[in-house]
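Spelled out from the first residue to the last, the chains are:
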Amino acid sequence: MKKIALLGSTGSIGTQTLDIVDHHPDLYRVVALSAGSRVDELVEQANKYRPALVSLATKELADRAAPHLPPGTRVAYGEQGLIEVAASTDADIVVTAIMGSRGLPATMAAIDAGKTIALANKETLVTAGHLVMKRAKERGVSILPVDSEHSAIFQCLNGERAQTVKTITLTASGGSFRDRTRDELASVTVEQALNHPNWSMGAKITIDSATMVNKGLEVIEAKWLYDVDYDQIKVLIHPESIIHSYVEFVDNSVVAQLGLPDMRVPIQYALTYPDRQPTPTEPLDLAAIGKLHFREMDYDRYPALRLAFQCGRLGQSAPTVYNAANEIAVSRFLNGEIAFLDIERILQEVVDRHQVCAVDYIDAIDEIDRWARSVAAKV
Ligand code: NDP
Ligand code: MG
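Residues numbered from 1 in each chain as written. Chains lettered and ligands numbered in written order. Predicted model: local features only at pLDDT ≥ 70, side-chain atom pairs only at ≥ 80, totals over all residues. Heavy atoms only, no water.

Observations regarding the coordination of the magnesium ion (ligand 2)
Taken together, the protein ligands of the magnesium ion (ligand 2) are Asp 147 (OD), Glu 149 (OE) and Glu 218 (OE), with distances of 2.1 to 2.2 Å. On the primary sequence, the residues serving as donors to the magnesium ion (ligand 2) are separated as D-x1-E-x68-E. Of this pair, Glu 149 sits in helix α7 (residues 148–156) while Glu 218 sits in helix α10 (residues 213–226), and the two are 69 residues apart along the sequence. Across the pair, Glu 218 and Glu 149 agree in class, each one buried. (Donors = N, O, S within 2.8 Å, 3.2 Å for Na, K, Ca; no water. Helix = DSSP H or I, 4+ residues; strand = E, 2+ residues; numbered from the N terminus. Buried < 20%, exposed > 50% of the residue type's maximum accessible area, 1.4 Å probe, protein only.)

Here's what the structure looks like:
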């Protein structure tokens, strides 16, 4: 029986993780849950799974939940609450399904506590990949990918030697606006942007898919997870999202991982690894699909992806700035404050204003993150 702590239990990845738990009640037990502001959903989850600890974003939300929690469930809140959910229970594995670099302190605390990390929260690796990976190595903690592309790569690399990897190709569906030209992007609405053709996900990552920032974050995530150079990471448009990513080896052999687009497969693989178990998902029928399509990535169409490669190559504080500026730009777009193309403009402006510097401590990451957010909120 594996004990799970789940950060972001009310979100897209969080609820799908609980679906996997429901499917394997003999394999998993939920011992801690955290949510942001969806109090009713969290209370319902707490009464169903009876965890030792739950957490909400603020004290006020925690006070609202408290009278409705089952006996034996303690409630915490805020950043400290997230850290407690990640590190203070007897969980074996922490699923980081919270959105944004706000997940960083809790992820570090989980690593310090020796928990295996099932990582969905890619922003944490983008903002502080070098520090997270170093700490995980020091503590002998595994970071298992939940992101579908990274789970695919992880599966392709199973049993292979790192030196034999030539390139890693991340596939990209192209997002909500893949069939529009840049000129057609000027007036797109929030509602249109939230309508992803293949995946049902949280709002922020859906916008990130439309701008291709998501693939940019994933390129940096892949660099840290698989210790490859940026020259070895490729991106290919594949509208059907059937090939989740692939690895090319030095002998030109290519190993890919395929499946229907359903996050419950990579979520469960992170939980069962190195084992496999049946999932409550549909099997892949390639004959029924008939054709798969591929297009070269167009970096002029998706400049935010080019910028991600640039920031990744610059390293140090540059990815922190890219991520934080994007989080603010996306929330401004979702609030109706700016137009879709302003997201890319803001990203570029904040990165241009930044003087890249070393970030050797979490506090330094925090400082850069706050600076980038404050600039992105104004430009
Ligand atoms: P959602 O927006 O659906 O969920 C985010 C979760 O974080 C919710 O449970 C939310 O709680 C919680 N949260 C928000 N604000 C706070 C806060 N201040 N304090 C504590 N918790 C908070 O996001 P997704 O599930 O889509 O994505 C989560 C992560 O997984 C992201 O990093 C994303 O990039 C990554 N990912 C997602 C994929 C997907 O298919 N969705 C695929 C691959 C990666 P509440 O709703 O209660 O406010
Ligand atoms: Mg992905």
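Having seen the model, we can carry on.
Digging into the side chain of Thr 73
Within the fold, Thr 73 resides in the loop between α3 (59–65) and β4 (74–77). Separated by 2.6 Å, the side chain of Thr 73 and the backbone oxygen of Pro 51 make a polar contact. Residues contacting Thr 73, with those up to four places away along its chain left out, are Arg 50, Pro 51, Ala 52, Leu 53 and Val 54. (Polar contact = N/O pair within 3.5 Å; in protein donor to acceptor, adjacent residues only side chain to side chain. Contact = heavy atoms within 4.5 Å.)

Some points on the layout of surface pockets
Unfilled space is identified by rolling a water-sized probe across the atoms. In this model, the second largest pocket occupies a volume close to 660 Å³. Met 133, Trp 224, Leu 225, Tyr 226 and Asp 227 are the residues nearest the centre of the second largest pocket, which is lined by 25 residues in total. Considering each element in turn, the lining of the second largest pocket owes the most residues, five residues, to helix α6 (residues 122–139). Looking at the lining of the second largest pocket residue by residue, the classes come out as 16 nonpolar, three polar and six charged. Lining the lining of the second largest pocket are residues from two domains, each supplying at least three of them: domain 1 (2–145) and domain 2 (150–314). (1 Å grid on protein atoms, 1.4 Å probe; cavity = no way out; pocket = protein on both sides within 12 Å on 5 of 7 lines; lining within 4 Å. Points joined across faces, edges and corners; volume = space filled by probe spheres on them. Nonpolar A, V, L, I, M, F, W, Y, C, P; charged D, E, K, R; others polar. Domains from an automatic or database assignment.)

Quick word on the site of ligand 1
Contacts to ligand 1 come from 24 residues, most closely from Thr 10, Gly 36, Arg 38, Glu 123 and Gly 202. Here an oxygen atom of ligand 1 sits 3.5 Å away from a polar atom, N or O, in the main chain of Ala 120. Burial of ligand 1 by the protein amounts to 88% of the accessible area it has alone, namely 890 Å². The set of elements that each furnish at least two residues to the shell around ligand 1 consists of α1 (12–23) and α6. Tallied by class, residues from the shell around ligand 1 come to ten nonpolar, nine polar and five charged. Residue-level mapping places the shell around ligand 1 at the junction of two domains, with at least three residues from each of domain 1 (2–145) and domain 2 (150–314). (Near = heavy atom within 4 Å. Areas by Shrake-Rupley, 256 points an atom, 1.4 Å probe, with all protein chains shown as cover.)

Digging into the domain arrangement of the protein chain
The domain boundaries assigned to the protein chain delineate domain 1 (2–145), domain 2 (150–314) and domain 3 (315–379). Inter-centroid distance (C-alpha atoms) of domain 1 to domain 3 is 26 Å. Here domain 1 and domain 3 share an interface that buries about 820 Å² over both sides, 61% of which is from carbon and sulfur atoms. Interface area lost by domain 1 to domain 3 is led by Val 126, Thr 127 and Leu 131, which between them contribute 48%. If you look at where domain 1 meets domain 3, you find five residue pairs in polar contact (both at pLDDT 80 or more). The greatest single-element share of the side of domain 1 that touches domain 3, amounting to six residues, is contributed by α6. Taken together, the residues of the side of domain 1 that touches domain 3 sort by class into five nonpolar, four polar and one charged. (Buried area = accessible area lost by both parts, 1.4 Å probe.)

A look at the sheet that holds strand β3 (residues 53–56)
Strand order in the open sheet formed by seven strands is β4-β3-β2-β1-β5-β6-β7, with parallel pairing between adjacent strands. Across the chains shown, the open sheet's two edge strands, defined by having one partner strand only, are β4 and β7 (143–145). Taken over all neighbouring pairs, the strand axes of this sheet differ in orientation by 25° on average, direction set aside. As paired elements, strand β5 (residues 93–96) and strand β6 (residues 116–119) share four bridges and run parallel to each other. Residue pairing in the sheet places Val 95 in a bridge with Ala 118 of β6. (Pairing = 2+ DSSP bridges. Axes fitted to C-alpha atoms, helices over the stretch in contact; angles between N-to-C directions.)

Quick notes on the sheet that holds strand β9 (residues 233–237)
Taken in spatial order, the five strands make up an open sheet running β11-β10-β8-β9-β12, and their pairing is mixed. Here the strands that pair on one side only, and so sit at the sheet edges, are β11 (254–258) and β12 (295–296). Note: β9 against β12, two bridges, orientation antiparallel. Among the inter-strand pairings, Ile 237 is bridged to a residue of β12, identified as Arg 295. Its contacts with the sheet put α10 on β8 (165–172) and β9, and the angle it makes with β8 is roughly 150°.

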